[in-house]
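Chain by chain, the residues run as shown.
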Number of protein chains: 2
Amino acid sequence: MPKETFFNLRDIKRDRVVQAALEEFAKYPYERASLSTIVQNAGIAKGSMYQYFADKQDLYLYIIKRVYDSKRNYLQDVFAKDQDFFATLQRYYQRAYMFAVEYPLYHQIAINFWESKDDKLHQEIIDNKELRASDFTRMLIQAMEDGQVNPNLSKEAAFFVYHSVGKELIENFQGLSAEEAEKHLEFIRDVLDILAYGLGRKGEQSWVKN
Amino acid sequence: MPKETFFNLRDIKRDRVVQAALEEFAKYPYERASLSTIVQNAGIAKGSMYQYFADKQDLYLYIIKRVYDSKRNYLQDVFAKDQDFFATLQRYYQRAYMFAVEYPLYHQIAINFWESKDDKLHQEIIDNKELRASDFTRMLIQAMEDGQVNPNLSKEAAFFVYHSVGKELIENFQGLSAEEAEKHLEFIRDVLDILAYGLGRKGEQSWVKN
DNA sequence: TACAAATATGACCAACCAGTCACATTTATT
DNA sequence: AATAAATGTGACTGGTTGGTCATATTTGTA
């Protein structure tokens, strides 16, 4: 948590600090990111930073929180729109892609974060993954009951497949030229279709005789 | 490339240097790995290391080469045993898993390597990925002609799915207890089955009417 | 044994890092 | 205007890093 002093700052100055931190943590993972570089780009003295934050990790966690709050907010209306399992997944990943295009800095910071090896940070990543796993599993069970998904599949394996592909999908679009967006969204659809045909074929349900 | 001096070393000493480097690069990615730690664990002087290698990167690339040579050798007879596309993939990933269990240090170094952000190293990763992509695509096209795989699928998307899942599969098994090996191998089979049913159902070929 | 070539050494260097602190400056309160 | 509180500052500390180099030791050769 930042200190009170940080919140008392004038907006322009506070934004400069945040912006400089965003840029640095987007460029480098936590351990290699440099506080000296951040304060230099923010145009403040080294000591000032320690008036705002307890230490490097405090600053980092604040930035991470901003990023994930923003992403959660961006994705909030993706779920529960309808009950189509496959359509929901496609909305989710396409929207996650659009987030990456719209907020490239946030996107890069998130990538750097979940690749972090730092013990304390790593625990948060695992917690987060388990949280998403239970969300996904809930959706999956519902879809199995609805008859959208083959109910004989291993739930763990199904989550694993979607987690892997989703992670790589999001990570993959670093070149975020807006012109290619349509092509990228189509690619996401192609990839998810491959998974969908494996998880159950709508209308045909090819698994029933298995 | 190591200097001649390195190869002139007595086996015991050379192995000590290699072993210390392996342990350090397994523990930390390139940038955070410490030469000082390596020389200390190897029981040699700092200066000696620079008699053997030009610099840190020279040492690292030598270690990386060892790792990948070893892995390539370990996986060499996986392909071309038979023409069953899905069986070959399963052999590949199960064997890659066994490699990880058998050579945990090598395994960890490989993971750290392909997560590296260093420009020069990153290029090698991309090259490597493209090489595997063309290998995979060749197999895929063959399987499409054989009727094992739905020929209407996007080849890029198909590779992407296998690449993502394969990468995460290999990365995932860090707790490499030999007792759980059977369970892990079964999990790999479950995951690949999900993909297979999406790429085409053997015997049934559910895509033909699509 | 005498010389030369190869190899080993660790103190040392400059560059960087996160974090500190005595002090200067600005802002709020009386 | 005078005082107090809050905020800003950058030189400095102790640590780490990759890399160097003059010198010492070992090894090979004659």
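Residues numbered from 1 in each chain as written. Chains lettered and ligands numbered in written order. Predicted model: local features only at pLDDT ≥ 70, side-chain atom pairs only at ≥ 80, totals over all residues. Heavy atoms only, no water.

All names here are of chain A. Relative to the helices and strands, M139 resides in helix α8 (residues 119-146). The sequence separation of M139 and D84 amounts to 55 residues, and the corresponding C-alpha distance is 9.8 Å. With sequence-adjacent residues up to four places away left out, M139 is seen in contact with F79, F85, T88 and L89. (Helix = DSSP H or I, 4+ residues; strand = E, 2+ residues; numbered from the N terminus. Contact = heavy atoms within 4.5 Å.)

Moving on: the protein's contact with DNA strand D. Around DNA strand D sit 20 residues in total, of which K13(A), Q51(A), A33(B), Y50(B) and K56(B) are the nearest. Here a phosphate oxygen of DNA strand D sits 3.0 Å away from a polar atom, N or O, in the side chain of N8(A). Of all elements in the fold, only α1 (4-8) and α4 (46-52) of chain A together with α3 (35-42) and α4 (46-52) of chain B reach the threshold of two or more residues within the surface near DNA strand D. In terms of residues, the surface near DNA strand D owes the most to one element, α4(A), which gives five residues. In terms of residue class, the surface near DNA strand D is built from six nonpolar, eight polar and six charged. (Near = heavy atom within 4 Å. Polar contact = N/O pair within 3.5 Å; in protein donor to acceptor, adjacent residues only side chain to side chain. Nonpolar A, V, L, I, M, F, W, Y, C, P; charged D, E, K, R; others polar.)

Okay, empty space enclosed by the protein next. As enumerated under the stated definition, the model contains four cavities of 30 Å³ or more in all. For the largest cavity, the calculated volume is near 260 Å³. P29(A), E115(A), P29(B), E31(B) and E115(B) are the residues nearest the centre of the largest cavity, which is lined by 15 residues in total. Of the residues assigned to the lining of the largest cavity, the class counts are three nonpolar, four polar and eight charged. (1 Å grid on protein atoms, 1.4 Å probe; cavity = no way out; pocket = protein on both sides within 12 Å on 5 of 7 lines; lining within 4 Å. Points joined across faces, edges and corners; volume = space filled by probe spheres on them.)

Applying the stated criterion to the full structure yields 42 aromatic pairs over all chains. Geometrically, the ring pair formed by Y74(A) and Y103(A) is edge-to-face, given 6.1 Å between the ring centres and 90 degrees between the ring planes. One end of the pair, Y74(A), is in helix α5 (residues 56-75); the other, Y103(A), is in the loop between α6 (85-102) and α7 (104-114), and 29 residues separate them in sequence. The class for Y74(A) is buried, based on a relative accessible area of 12%. Ring pairing ties together the aromatic residues F6(A), F7(A), Y52(A), F53(A) and Y62(A), which thus form one cluster. Above the face of the Y74(A) ring, R95(A) is positioned so that its terminal group lies 4.6 Å from the ring centre. Of note, K56(B) hangs over the ring of Y30(B), and the distance from its end group to the ring centre comes to 4.8 Å. (Phe/Tyr/Trp six-rings, centres within 6.5 Å; stacked < 30°, edge-to-face > 60°. Buried < 20%, exposed > 50% of the residue type's maximum accessible area, 1.4 Å probe, protein only. Lys NZ or Arg CZ within 6 Å of the ring centre and 35° of its normal.)

For the rest of this paragraph, the subject is the packing of helix α2 (residues 11-27) of chain B against helix α7 (residues 104-114) of chain B. All names here are of chain B. Close contact between α2 and α7 brings their axes to 8 Å; oriented N to C, the two are set at 50 degrees. In terms of orientation, α2 and α7 fall into the oblique class. For α2 against α7, the interelement crossing comes out left-handed. Mapping the contact onto sequence places Q19, L22, E23, F25, A26 and K27 in α2 and L105, Y106, Q108, I109 and N112 in α7. Class assignment for the residues of the contact of α2 with α7 results in six nonpolar, three polar and two charged. (Axes fitted to C-alpha atoms, helices over the stretch in contact; angles between N-to-C directions. Parallel < 35°, antiparallel > 145°, perpendicular 65-115°, else oblique. Left-handed = near helix turned anticlockwise from the far one by under 90°.)

A few words now on the nonpolar core. Nonpolar side chains in soluble globular proteins tend to end up buried together. The biggest cluster of nonpolar side chains holds 140 residues, and the ones touching the most others in it are F25(A), M49(A), I63(A), F25(B), M49(B) and I63(B). When sequence neighbours within four positions are dropped, the list of residues in contact with F25(A) reads Y30(A), A33(A), I38(A), L59(A), Y60(A), I63(A), I109(A) and N112(A). (Core = buried A, V, L, I, M, F, W, Y, C linked by side-chain atoms within 4.5 Å.)

For chain A, the average pLDDT comes to 86, and 91% of its residues sit at 70 or higher. Low pLDDT, under 50, characterises residues 198-210 of chain A; the predicted model gives this stretch 40 contacts beyond four residues in sequence or across chains. (pLDDT = per-residue confidence, 0-100.)

With respect to spatial proximity, 20 residues lie near DNA strand C, and among them S34(A), K56(A), G47(B), S48(B) and Q51(B) are the closest. Taking L35(A), its main chain carries an N or O atom lying 3.0 Å from a phosphate oxygen of DNA strand C. Separating a phosphate oxygen of DNA strand C from a side-chain N or O atom of Y50(A) is a distance of 2.9 Å. If you list the elements that add at least two residues to the surface near DNA strand C, you get α3 (35-42) and α4 of chain A together with α1 (4-8) and α4 of chain B. When residues of the surface near DNA strand C are assigned to their parent elements, the largest contribution, five residues, is made by α4(B).

Checked against the element boundaries, E168(A) lands in helix α9 (residues 155-172). Engagement of the side chain of E168(A) in a polar contact is seen with the side chain of K167(B), the distance being 3.3 Å. Each residue touching E168(A), except ones within four places of it in the same chain, is listed here: K129(B), F160(B), H163(B), S164(B) and K167(B).

Residue and element names in this part refer to chain A. Under the domain assignment used here, chain A contains domain 1 (4-54) and domain 2 (64-199). Using C-alpha coordinates to define each centre, domain 1 is positioned 30 Å away from domain 2. Taking both partners together, domain 1 and domain 2 bury about 760 Å²; carbon and sulfur atoms supply 68% of that area. Area buried by domain 1 at its contact with domain 2 is led by L22, A26 and E31, which between them contribute 52% of it. Where domain 1 meets domain 2, there are zero salt bridges. (Domains from an automatic or database assignment. Buried area = accessible area lost by both parts, 1.4 Å probe. Salt bridge = Lys/Arg side-chain N within 4 Å of Asp/Glu carboxyl O.)

Taking 1.5 Å of rise per residue, the 18 residues of helix α9 (residues 155-172) of chain B would be expected to cover 26 Å, and the 25 Å separating its terminal C-alpha atoms lies within 8% of that figure. Among the 18 residues in α9(B), 15 count as buried, and that is most of the element. (Expected span 1.5 Å × (residues − 1).)

Let us look at the packing of α5(A) against α6(A). All names here are of chain A. Here α5 crosses α6 at 135 degrees, and the two axes come no closer than 10 Å. Taken together, the axis directions place α5 and α6 in an arrangement best described as oblique. α5 and α6 meet at a crossing whose hand is right-handed. Counted together, V67, S70, K71, Y74 and L75 of α5 and Y92, R95, A96, M98, F99 and E102 of α6 form the full contact between these two elements. Across the contact of α5 with α6, the residue classes tally to seven nonpolar, one polar and three charged.

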